[in-house]
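Each chain, letter by letter, is given below.
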Amino acid sequence: MVGIFWILTGCKTLERSKKGPVVLMFQNGVGLEFGQAGCSILDLGGASRLCSFLDSNSSDLFFQVGPAFSSPFLDQSEALNAPISEQRKTLLKIWQKVNTQFYSVDAKDLTPSLEGFLSDTADRKLTFLSSNLKRLNGSSPFETYFYKKIENNEFLFLSFSAQLKSKGPSDWKMISFSEALAQLEPVLIQYPLAQIFILGSLTPSERAALSKLLARPSYFLGGALNEINPTSWSSLGKRHFWAKAADLGRGIGLIYWESSSPRFVAKSLKKEMDATNQCSHWIEGLKKRKAKKEVFLRVFSR
């Protein structure tokens, strides 16, 4: 009975007290990194530490910003070189365990194909978002926005993928920022009081271009992998702001929303958060499946 109780409670997110500001939490650019990132001194991140952090820190909304279902390091990924479908399913399982509400899809996630990505994540319970990634026929494979009212605050989340440097033949396309916003105009009219969040791994120039098209104040979350992580809101002019957490699962971003002064704080997932939990068991399972596959290949290649 003890084992069953642990499995049911080992990675449960807390319900937040309704006193104080609205708390939004997010990660960006996880990139299929399940383990710790960095050197022995700067030992940060890991899915088990995320699970441990969320087990003791409550929020009103937790979400993820891409890219997460593809690796920036190809065969050198911390994702253990297991088949990408297994990596994706394990990541999705962890996210659903910690009550992730939605994910902002990135174009890098659609490698090698959109249909392959949809197949690998078919069992998802969280919402997938993209405002500018489309099928070749123009239809949307994902939700184009996410609206949430928390107490007296309204939030509208839009998702914009960054352009890929090179894109071969594929089963999807990316529409322009202006075309995507034109399609979203009825939504923006429907929620005139909602605070707008723009999610995605956009470069500084892409953020600047998109902010010029937005008539309402907005908050950009996520960014390019090589960008320095800000410790507070970075201004993109008088009406737009930007922030990101440490990429590759090394940190988490927190937004304390009060209408007068929303505050951004970046947290690191440090070694003291190490814990054995359901998330760490799933990661170990991924390692064991890889090890069994290697033994099988060695035996039958003789």
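Look up a bit, the structure's there.
This report concerns the structure included in the present document. (Residues numbered from 1 in each chain as written. Predicted model: local features only at pLDDT ≥ 70, side-chain atom pairs only at ≥ 80, totals over all residues. Heavy atoms only, no water.)

### Let's talk about the sheet that holds strand E14 (residues 263-268)
Part 1 of the argument: On the basis of which strands lie adjacent, the open sheet formed by six strands has the order E4-E3-E2-E1-E13-E14 and mixed pairing. The open sheet has two edge strands with one neighbour each: strand E4 (127-129) and E14. Strand-to-strand twist of the sheet, defined as the mean angle between neighbouring strand axes without regard to direction, takes the value 25°.
Part 2 of the argument: Note: strand E3 (residues 102-104) against E4, three bridges, orientation parallel. Bridging from a neighbouring strand, Ser-104 pairs with Leu-129 of E4.
Part 3 of the argument: Contacts between helix H2 (residues 47-56) and the sheet are confined to strand E1 (22-28), strand E2 (61-65), strand E13 (251-257) and E14, with E13 contributing the most and set at about 25° to the helix. (Pairing = 2+ DSSP bridges. Helix = DSSP H or I, 4+ residues; strand = E, 2+ residues; numbered from the N terminus. Axes fitted to C-alpha atoms, helices over the stretch in contact; angles between N-to-C directions. Contact = heavy atoms within 4.5 Å.)

### Regarding the packing of helix H5 (residues 177-190) against helix H6 (residues 204-213)
Part 1 of the argument: Running from amino to carboxyl end, H5 crosses H6 at an angle of 40°, the nearest separation of the two axes being 10 Å. By the criterion of interaxial angle, the relationship of H5 to H6 is oblique. Pair H5 / H6 crosses with right-handed handedness. Facing H5, whose interface residues are Phe-177, Ser-178 and Leu-181, H6 presents Glu-206, Leu-210 and Leu-213. (Parallel < 35°, antiparallel > 145°, perpendicular 65-115°, else oblique. Left-handed = near helix turned anticlockwise from the far one by under 90°.)

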